[in-house]
Amino acid sequence: MARAQQRLLAFIANVCALFALGSATAQVPLLLWSTESLPPLASPAEGHIVPSSQLTAYLSSVLRSGSSHTVLLLLQDKLSKDDFTKYGGVYGNKQDGAFLHIEAAMQSSVSSVVLPALEWSAASEVLALLNQTLSVSPVPIDPDTLSELQVNPADNNLLYLNLPYCTGLHQSCAQVLRNNDQIIGKVLDTMKAKNIPYTAIYTGLQPSRIIPETLVVSEQHRGRSLLQSAEPPTVNAPLMFNVSDTPCIMLWAQNLNVSFDANHVWIDLMNHTPTFEGSKCNGTNSVLVLNYPNGIVLRLVLNYPNGIVLSFDMNQKFSTVSARNWFTLDAVSLALNGAALIFSGAQGIYAPAEYSFHCMSVNSFRDPLLVRGPATGNMSNWMLNFVDFQIQGFGLANGTFDFSYASDCAGFFTPGIWMGLLSTLLMLWILAYGLTMILQVTTMDRFDDPKGPAIYVPQTD
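These lines cover the structure that appears in this document, whether it is placed above or below.

## Some points on empty space enclosed by the protein
So, point 1. Here the structure, examined in full by the defined rule, presents two cavities of 30 Å³ or more.
So, point 2. Size it by volume and the second largest cavity reaches roughly 60 Å³.
So, point 3. What lines the second largest cavity is simply S34, E36, S37, L38, V62, R64, H69 and T199.
So, point 4. The class makeup of the residues in the lining of the second largest cavity is two nonpolar, four polar and two charged.

Structure, rendered in structure tokens:
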């Protein structure tokens, strides 16, 4: 069985590697298995990316009318072919594989289908497609309470589980994928214990990495291609609140992650476009309000009907000690379904008023710069994690569309610098002490001459 599982994952990885030689179009893999027989699907040609129309036609044939279906949709925030090759344990390290339960489920299923390269837009529309095909509303599930969920096999059911991906947080990618695999295994065991026939779909909302396009070039042009630099990665534009067509508040982050549950399912709000209703700015107070309607976040989280609101409250004050104006990010408010939680940042997030503030990590759980306020119930699980965060709420009236000079949260004398200085001073002190001891060593000033009379040293009692 172990060899069969290893061959299955090796087959998936090899097929994915063949498709990696194709286009650089954003693509994600899709795995589908069922406890019932699936219609046959011809293997796509090498380099072919399955479009949305082909996926729609196949899922329509799978979920044909006239019979009930229970579909289990496992949507991971990010997923790429390389994840199976890098973390799947296909090169002998089977015990370290991150997809053991998925492999076992596919092998024990009646039939399964692997699409190594699915168009990204098609993957993000799978939820809406299943909703339309089954004519039922998707139900978000929690692995810990799935056993209490009432599922009637005689009706159509669409169960939805969102899984996180590593975003440079407190766990490595391999560990996050292993945790996801264990959650999937727990869900599948519950479905098996309830004796519910199901069809499972495992895919990603977006690729975790985009493979650069490999062009087939002639021998005479190959050297030039090797010297050409790769295209720079796409960088999101900063979020900007304007007053009278003049920038007033600017914010940028590589990731603007929020989480609302104990499983740490992260939602990157930088991937979506907010509205700025409720924002304001003046000489002493600036408030940036980011409104994410339910339609934008619906693909990620289904039980947030009223959308997400993230606001930043900044104030400017004059400091008599430094004789200059400083601004502080006093509070970050996270609102969901009418409930709001305030994170205080006044103690560690500040900068001169004419500067912007920058920090590589602003979070509420590890060396927090944002301190969570009093919370009740599920709000105690709410967390924030901003990666490569930069904000400026004052000093933008000069009409420029760039941040001012950034005041970084990392001080000049970091712990590493202090350790190096103290170690150097200790070694210098040891060297100076040793030289002092050597200089104090005295030698004899008279020596015995064997040809002359012996030196007489009188001895007294």
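## Points about the state of the cysteines
So, point 1. In this structure the tally under the stated criterion is two disulfides.
So, point 2. The disulfide partner of C248 is C281, and the S-S distance across this bridge is 1.5 Å. As the torsion about the S-S bond is roughly 135 degrees, the C248-C281 disulfide counts as right-handed. Linking C248 in strand 8 (residues 246-252) with C281 in strand 11 (residues 280-281), this pair joins segments that are 33 residues apart in sequence.
So, point 3. Under the relative-accessibility criterion, C248 is labelled buried at 14%.
So, point 4. Assessed through its relative accessible area of 22%, C281 is described here as partly exposed.
So, point 5. Linked covalently through their sulfurs, C359 and C409 form a disulfide whose S-S length is 2.0 Å. Residues C359 and C409 are joined by a disulfide whose S-S torsion is about 70 degrees; by sign, that bridge is right-handed. One end of the pair, C359, is in strand 17 (residues 356-363); the other, C409, is in the loop between strand 20 (406-408) and helix 10 (415-439), and 50 residues separate them in sequence.

## A look at unusual backbone geometry
So, point 1. In the Ramachandran plot, A323 falls in the positive-phi region, its phi being about 55 degrees despite a non-glycine side chain.
So, point 2. Within the secondary structure, A323 is located in the loop between strand 13 (308-319) and strand 14 (324-336).
So, point 3. Here the phi dihedral of D367 falls at roughly 45 degrees; this positive angle occurs in a residue that is not glycine.
So, point 4. By secondary structure assignment, the location of D367 is in the loop between strand 17 and strand 18 (371-372).
So, point 5. Among the residues examined, D367 registers a relative accessible area of 70% and is labelled exposed.

## Topic: a nonpolar patch on the surface
So, point 1. Together, F412, F413, I417, W418, L421, L422, L425, L428, L431, L435 and I438 make up an exposed nonpolar region whose accessible area comes to about 1200 Å².
So, point 2. Summarising the element assignment, I438 is placed in helix 10.

## A look at the sheet that holds strand 6 (residues 199-206)
So, point 1. With mixed pairing, the six strands of this open sheet are ordered in space as 3-1-6-2-5-4. One side of each edge strand has no neighbouring strand; the edge strands of this open sheet are strand 3 (111-119) and strand 4 (139-140).
So, point 2. The sheet contact formed by strand 2 (residues 70-78) and strand 6 spans seven bridges and is parallel. Across the sheet, residue L73 finds its bridge partner in strand 6, namely I201.
So, point 3. Here helix 2 (residues 52-62) sits on the sheet in contact with strand 1 (27-34), strand 3 and strand 6, set at roughly 160 degrees to strand 3.

Definitions and limits used
Residues numbered from 1 in each chain as written. Predicted model: local features only at pLDDT ≥ 70, side-chain atom pairs only at ≥ 80, totals over all residues. Heavy atoms only, no water. 1 Å grid on protein atoms, 1.4 Å probe; cavity = no way out; pocket = protein on both sides within 12 Å on 5 of 7 lines; lining within 4 Å. Points joined across faces, edges and corners; volume = space filled by probe spheres on them. Nonpolar A, V, L, I, M, F, W, Y, C, P; charged D, E, K, R; others polar. Disulfide = S-S within 2.5 Å. Helix = DSSP H or I, 4+ residues; strand = E, 2+ residues; numbered from the N terminus. Buried < 20%, exposed > 50% of the residue type's maximum accessible area, 1.4 Å probe, protein only. Patch = residues over 30% accessible without salt bridge, like charges linked within 9 Å, V, L, I, M, F, W, Y side chains within 5 Å. Areas by Shrake-Rupley, 256 points an atom, 1.4 Å probe, with all protein chains shown as cover. Salt bridge = Lys/Arg side-chain N within 4 Å of Asp/Glu carboxyl O. Pairing = 2+ DSSP bridges. Contact = heavy atoms within 4.5 Å. Axes fitted to C-alpha atoms, helices over the stretch in contact; angles between N-to-C directions.

All we've got here are geometric facts, nothing functional implied.
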